[in-house]
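Breakdown of the fold
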Amino acid sequence: MAVKVLILEDNPVARSFLCRVVRESFSDTIAITEAGDLESARHQIGLTGGPRGVHGADPFKLILVDLELPDGNGMELLAELAQYPSTKIVTTLYSDDDHLFPALQRGADGYLLKEDRFEVLVEELQKIVRGQPPLSPAIARRLLTHFRHGSQGEGSAPDLGFAPPSSFTSSRPVAIETPLDHERLTPRESEVLTYLSKGFTIKEIASLMGIKWFTVNDHIKSIYKKLNVSSRAEAAVLASKQGLV
Amino acid sequence: MASRPVSLPLDTEFGSSFPDSSFETRAFERTLAAPLEPTRWMGTRLRLLVVVALVGCLSLFLWIRILAQAPHIDASWARNAQGQLQLSATGDTRLRGFEGKALTGVEIAGRVEPLDALLLQRSPRWLVNDQEREKLISQWSRFAEALEHRDVRLVFDDGSLASVQPRARGVGGLGAMFWLLAALALVLYLVAMVVLLVRPNMRNLMYAVMSVCQAGNLAFMAAETIPDLGLPHGLAHWDFAGRIAFDVFTAAAIVHATTIHPREVPGHSAISGFVWLMAAAIVSFAAADRLPGAWWWTQGAAISFGVLGIVLLSWSYKLQPHPFAVVVRRFSIVAIGTLTLLTVAVAAAEGRANMQYSIAAVGSMIWYVFLASLLLLVPFLSRSQQVMREFSLLAGISTVATSLDLLFVAVFSLGQFASLTLSLFLSLGAYAGVRQWILNQMLGTNMLTTERMFEQLYRAAREVEMEPEKTAELLSRLLRELFEPLEVLRAERPAGRTRVLADGSALVVPVPALGAGAQAGSLVLRFAHRGKRMFTQDDARLTDRVVEQLKRAVAYDRAVEQGRSEERVRIAQDLHDDIGARLLTLMYKAPNPEMEDYVRHTLQDLKTLTRGLAAPTHRLSHAAAEWKADITQRLSAAHCELGWSFSSDRDIMLSVVQWSALTRVLRELVTNAISHAQATRLDVEASFEDGGFTLRVVDNGMGRNPQAWAHGLGLGGVRKRVKQLGGDVRWSENPPQGIVCRVHVPELVPRR
């Protein structure tokens, strides 16, 4: 049975380029569905069991989402697909943390930079699917502050507009409940993030910490997961506060 | 309001601290804090002040009453060529027909007492000759005694007798000059009392003594200006003794005050004790008529005490440069100088009776008015009293004019008219020419030029905008330039507005909190113009305006900067979204890998550009991390090894220009190494030390002879950007294989 892939990209040239990247990356039979805007992407997802991925239906295994779309931002779709059982990857021209970090918080499993060479993209895509997501120094820095200040502080996307200034941490009231595990990083994970933020490669980090490189990767994966979980929990809290749920 | 404990952390962060700073600090605390003294004490003093003021008014009223009730003959007299007293006009019908005749005596109890023109002299205090003074006083007494009777018989030179009945003069007949001098005396008295009651201490007591003495002098002088012969019965003798006492005691009080203010000089009690003893001796001998040459003694004591005061003020200034000493010393020098001139003139004119009497009286009166105006100025030195200053200047110049007049007559034997004209001319010339200089010297108002001040102000505003936490430091630098104070203290406690404290020796300036990280507080400036000038209310207002302008300039700069940054972000967004998408399409459609790489390169440059536009600064360590991650990824794609090392002695913020220049230089060098030299290993060493930035990129590629390279777009760009940063770039061969590129920017940030 063919592996179903959804590519959401408004630029047709870029779309066909990404199709080539996907076909090159995997040995399986690939069935690619293309969408040019959010509307048609939602329609396609609806055909495969809706955003929550009804059991038994045949969902997309991989979704590539462009952030800048004619009828909205790819971030919206990511938020809707929080429970959707697939690997979600952001494809974008923006490589700065201001744009990427909110996408990762909304459940993206990784990101691809569109201006990279074909071979680089193929390699990166394979890594993400294998569970080796990229983590740039800027995003590592952002993650460190996010987890250091708790999930409700710095971690929220700037466009939500409720982020208090992070410099006032000392005067923040102390929470009575201890933070849940998914809101905290283990010391090892913090260490990995710190090295990443200083520009070290995974191999260098492995040798610095005296561990195997795939263990470093496991830590990164775990950090991603914690970011997703904490962001989702936070989104739920926020939604209930605002009376949306 | 309850009194609360005052704690004022004053740090002497800038400015030298004085050993006795505590005095002024206490004064500062006192004014900043809530009123510490219970209001009951204030109330008592207020009531006391009302009582004292009433006493003053009553005394004046009594004085007026005595003079108005005194018997008086309605006639005006003049001196004729023979030195006789001639009746020039009269309103009394019984004296009609006697005009032009000279009065030779008055009949008392059947005896004829002789009188002459000396009776016209108004002030025994300013008669140099002892015999003449005694004669005057006795004539005054006799004439006043004669007027006590209902019927007065006047004897004229032709032997004729006139019988007149003296009548009370009445309040209306006292003359305009009387009222003016009496009013000045009352004002001086009231000011002295207010000063004393506001803060009762020794120096204010001395001030009160001086002022009350001079008020008494003015009261006597007011009585002397009444156009009449002599003074009322009983006052004739007291006039002389009283005025000598007032003068000598004033001088003694000045000496005493200068020994304790602005600071106590060593042995102050001995000096003041000696001076008081001397003064008391002179006054008691003079009052008992046992002081030969009383006028000389009095003038000598006044002048020498004055000189002593000046010496004491200079000494005190040497011990501690308090501007009060300098300003009061200038006042004293002017007052003593004019007094000396007057004394010399009066002494020189002795013997020319018809000149001396009138001019000595007028000259001395003007000098007293001048002294009174100086005394009135002293408590208000820090408040600018334009009118008062001009008045006292005018009085001083007038004293000089009359003294010169007298001198010319005495020394050069000029005619009265000629000498008056000449002295008036000279004095007016001096007034016009020296006025500004004197005013500057009196209060030392040599300020920065406006132009220079504006320049300073705007430079400070720029710097405050950059570093708001340095507001206090920059403001203090600005005020230093403006006022040249001896020291500037910084207080945490914010002040409401600029105020002058401690007799104008200190100025408290509020420091506004401009921007994040800045703290409101206040600055205390002490001793303007290196201790030669006092702070005035004008200075306080000027400072308020300076602070206000600074605030405005910073707010304006901030608004401009915000507008610019919003504009930059918008441009960055547009560039990125529109041009970026087009370049991407172009890249995907590129006919060959070279074109694709070229477009990719352009796209990356565009991204660097837009990122630089959106973020104003980048941290060096963050930038280095990103450079490394970026190069690692590119080299691994090109199967090239990377050796990376980065070191810095401190972290700095790179400006947009620096960040984008370094990013693009590094990218270009790496591109060259991979695509042109086809290196398999690249070593990048970046270091930031002591403000300078060094970058070394070493490859093992096939590049040779860098001097012969055609500097195309890539290398030309590198050169251009390094030059932009003020650095240089050099390529050289790296034996056995490869190229070394060394970029050196000697001053990435200014050295500290």
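Cut-offs used in this document
- Residues numbered from 1 in each chain as written.
- Chains lettered and ligands numbered in written order.
- Predicted model: local features only at pLDDT ≥ 70, side-chain atom pairs only at ≥ 80, totals over all residues.
- Helix = DSSP H or I, 4+ residues; strand = E, 2+ residues; numbered from the N terminus.
- Buried ≥ 20, exposed ≤ 12 C-beta atoms within 10 Å, placed from the backbone.
- Contact = placed C-beta atoms within 7 Å.
- Pairing = 2+ DSSP bridges.
- Axes fitted to C-alpha atoms, helices over the stretch in contact; angles between N-to-C directions.
- Core = buried A, V, L, I, M, F, W, Y, C linked by C-beta atoms within 7 Å.
- pLDDT = per-residue confidence, 0-100.
- Parallel < 35°, antiparallel > 145°, perpendicular 65-115°, else oblique.
- Left-handed = near helix turned anticlockwise from the far one by under 90°.
- Nonpolar A, V, L, I, M, F, W, Y, C, P; charged D, E, K, R; others polar.

A look at the overall build of chain B
Within chain B one finds 20 helices and 20 strands. Relative to its full complement of 752 residues, chain B shows a buried share of 40%. Counting only contacts in chain B whose residues sit at least 6 apart along the sequence, the fraction spanning at least 24 positions is 70%.

Considerations on the overall build of chain A
In terms of regular secondary structure, chain A is built from nine helices and seven strands. For chain A, the residues scored as buried account for 38% of the 245 residues in total.

Quick word on the sheet that holds strand β20 (residues 739-745) of chain B
Residues and elements named next belong to chain B. Taken together, the five strands give an open sheet; going across it, the order is β15-β17-β18-β20-β19, and neighbouring strands pair in mixed fashion. Strand pairing shows two members of the sheet lacking a second neighbour, β15 (641-648) and β19 (728-733), which therefore form its edges. Strand-to-strand twist across the sheet, computed as the mean angle between neighbouring axes with direction ignored, equals 10 degrees. Direction of pairing for β19 relative to β20: antiparallel, over a ladder of six bridges. Residue pairing across strands places Glu-733 opposite Ile-739, the latter belonging to β20. Helix-sheet contacts for helix α18 (residues 620-637) involve β15 and β17 (681-689), and the interaxial angle to β15 is about 175 degrees. Of the strands in this sheet, β17, β18 (692-699) and β20 touch helix α19 (residues 656-676), which is tilted by about 10 degrees from β18.

Regarding helix α4 (residues 97-105) of chain A
All names here are of chain A. Most of α4 sits out of view: seven of its nine residues are buried. When we look at burial in α4, the residues that qualify are His-99, Leu-100, Phe-101, Pro-102, Ala-103, Leu-104 and Gln-105. The first or second residue beyond α4 is Gly-107, which carries a positive phi of 105 degrees.

A few points about unusual backbone geometry
Most of the time, phi is negative for any residue but glycine, and the peptide bond is trans. Residue and element names in this part refer to chain B. Phi is positive for His-639, which is not a glycine, with a value near 55 degrees. Tracing the backbone shows His-639 in the loop between α18 and β15. You can call His-639 exposed: it has 8 C-beta atoms within 10 Å. Backbone geometry at Asp-690 places phi at a positive 50 degrees, although glycine is not the residue there. Residue placement: Asp-690 occurs in the loop between β17 and β18. On the neighbour-count criterion, Asp-690 (11 C-beta atoms within 10 Å) is exposed.

Brief notes about the pairing of β15(B)
Residue and element names in this part refer to chain B. Counting buried positions along β15 yields zero of eight residues, so the element is predominantly exposed. Pairing between β15 and β17: eight bridges, direction parallel. Bridge pairing links Glu-641 to Arg-681 in β17.

Details of the interface of chain B and chain A
If you look at the interface, chain B gives 21 residues, while chain A gives 21 residues. Broken down by secondary-structure element, the contributors of at least two residues to the side of chain B that touches chain A are α16 (537-588), α17 (593-614) and α18 of chain B. The leading source of residues in the side of chain B that touches chain A is α18(B), at eight residues.

Quick notes on the nonpolar core
Residues B:Ala185, B:Leu188, B:Leu218 and B:Val248 are the most contacted members of the largest nonpolar core, which totals 143 residues. The element contributing the most residues to this core is helix α6 (residues 235-260) of chain B, with 14 residues. Look past the residues within four positions of B:Leu218 in its chain and what remains in contact with it is B:Leu181, B:Leu184, B:Ala185, B:Leu188, B:Tyr368 and B:Ala372. By size, the runner-up hydrophobic cluster in this structure holds 61 residues, among which are A:Met75, A:Leu81, A:Tyr94 and A:Tyr111.

Topic: the confidence of the model for chain B
All names here are of chain B. Per-residue pLDDT for chain B averages 78, and the proportion of residues at 70 or more is 84%. Here strand β1 (residues 10-11) stands out as the element of chain B with the lowest mean pLDDT, 36, in contrast to helix α7 (residues 268-287), whose mean of 90 is the highest. Counting contacts from residues 1-37, a segment whose pLDDT is below 50, to residues more than four positions away or on other chains yields 42 contacts. Interface confidence for the predicted complex, given as ipTM, is 0.76, next to a pTM of 0.55.

Considerations on the pairing of β20(B)
All names here are of chain B. Of the two faces of β20, the one lined by Ile-739, Cys-741, Val-743 and Val-745 is fully buried and the one lined by Val-740, Arg-742 and His-744 carries no buried residue. Two strands pair when backbone bridges link them, and β18 and β20 are joined in this way by six bridges, in the antiparallel orientation. Opposite Thr-694, over in β20, you have His-744 as the bridge partner. Connecting β19 to the antiparallel partner β20 that follows it, the hairpin turn spans five residues, and Gly-738 within it adopts a positive phi of roughly 110 degrees.

Focus on the packing of helix α8 (residues 294-319) of chain B against helix α9 (residues 323-348) of chain B
All names here are of chain B. The contact between α8 and α9 brings their axes to 9 Å, and the two run at 160 degrees. In this view, α8 runs roughly antiparallel relative to α9, as classed from their interaxial angle. Between α8 and α9 lies a crossing whose hand is left-handed. Side by side, α8 and α9 meet where Gln-299, Ala-302, Ile-303, Gly-306, Val-307, Gly-309, Ile-310, Leu-313, Ser-314, Ser-316 and Tyr-317 of the first sit next to Ala-325, Val-326, Val-328, Arg-329, Ser-332, Ile-333, Ala-335, Ile-336, Leu-339, Thr-340 and Thr-343 of the second.

Remarks on the sheet that holds strand β6 (residues 87-92) of chain A
Residue and element names in this part refer to chain A. Judged by pairing direction, the sheet is parallel, and its five strands sit side by side in the order β2-β1-β3-β6-β7 without closing on themselves. The sheet is open, and its two edges are formed by β2 (30-35) and β7 (110-113), each paired on a single side. Strand after strand, the sheet turns through a mean of 20 degrees between neighbouring axes, direction not considered. The sheet contact formed by β6 and β7 spans four bridges and is parallel. Directly across from Val-90, in β7, lies its bridge partner Tyr-111.

Structural notes on the packing of helix α3 (residues 130-147) of chain B against α6(B)
All names here are of chain B. Running from N to C, α3 and α6 cross one another at 150 degrees; their axes reach a closest spacing of 8 Å. Along the contact surface, α3 presents Arg-133, Ile-137, Trp-140, Ser-141 and Ala-144, while α6 presents Ala-236, His-237 and Phe-240. Residue classes in the contact of α3 with α6 are distributed as five nonpolar, two polar and one charged.

Some remarks on the environment of B:Trp659
Residue and element names in this part refer to chain B. Within the element layout of this structure, Trp-659 appears in helix α19. Sequence separation between Trp-659 and Leu-620 is 39 residues; the distance between their C-alpha atoms is 8.2 Å. With residues up to four places along the chain from it excluded, the contact list for Trp-659 reads Gly-612, His-618, Ala-623 and Leu-654.

Side note on the environment of B:Ser88
All names here are of chain B. By the secondary structure assignment, Ser-88 is in strand β4 (residues 85-90). Owing to 13 C-beta atoms within 10 Å, Ser-88 belongs among the partly exposed residues under this scheme. Contacts of Ser-88, omitting those with residues within four sequence positions, involve Ser-76, Trp-77, Ala-78 and Glu-99.

A look at the environment of B:Asp130
Residues and elements named next belong to chain B. On the secondary structure map, Asp-130 appears in helix α3. Taking the C-beta count within 10 Å as the criterion, Asp-130 has 15 such neighbours and is therefore assigned partly exposed. Here the alpha-carbon distance between Asp-130 and Asp-289, two residues 159 residues apart in the chain, equals 9.5 Å. If sequence neighbours within four positions are ignored, Asp-130 has contacts with Pro-292, Gly-293 and Ala-294.

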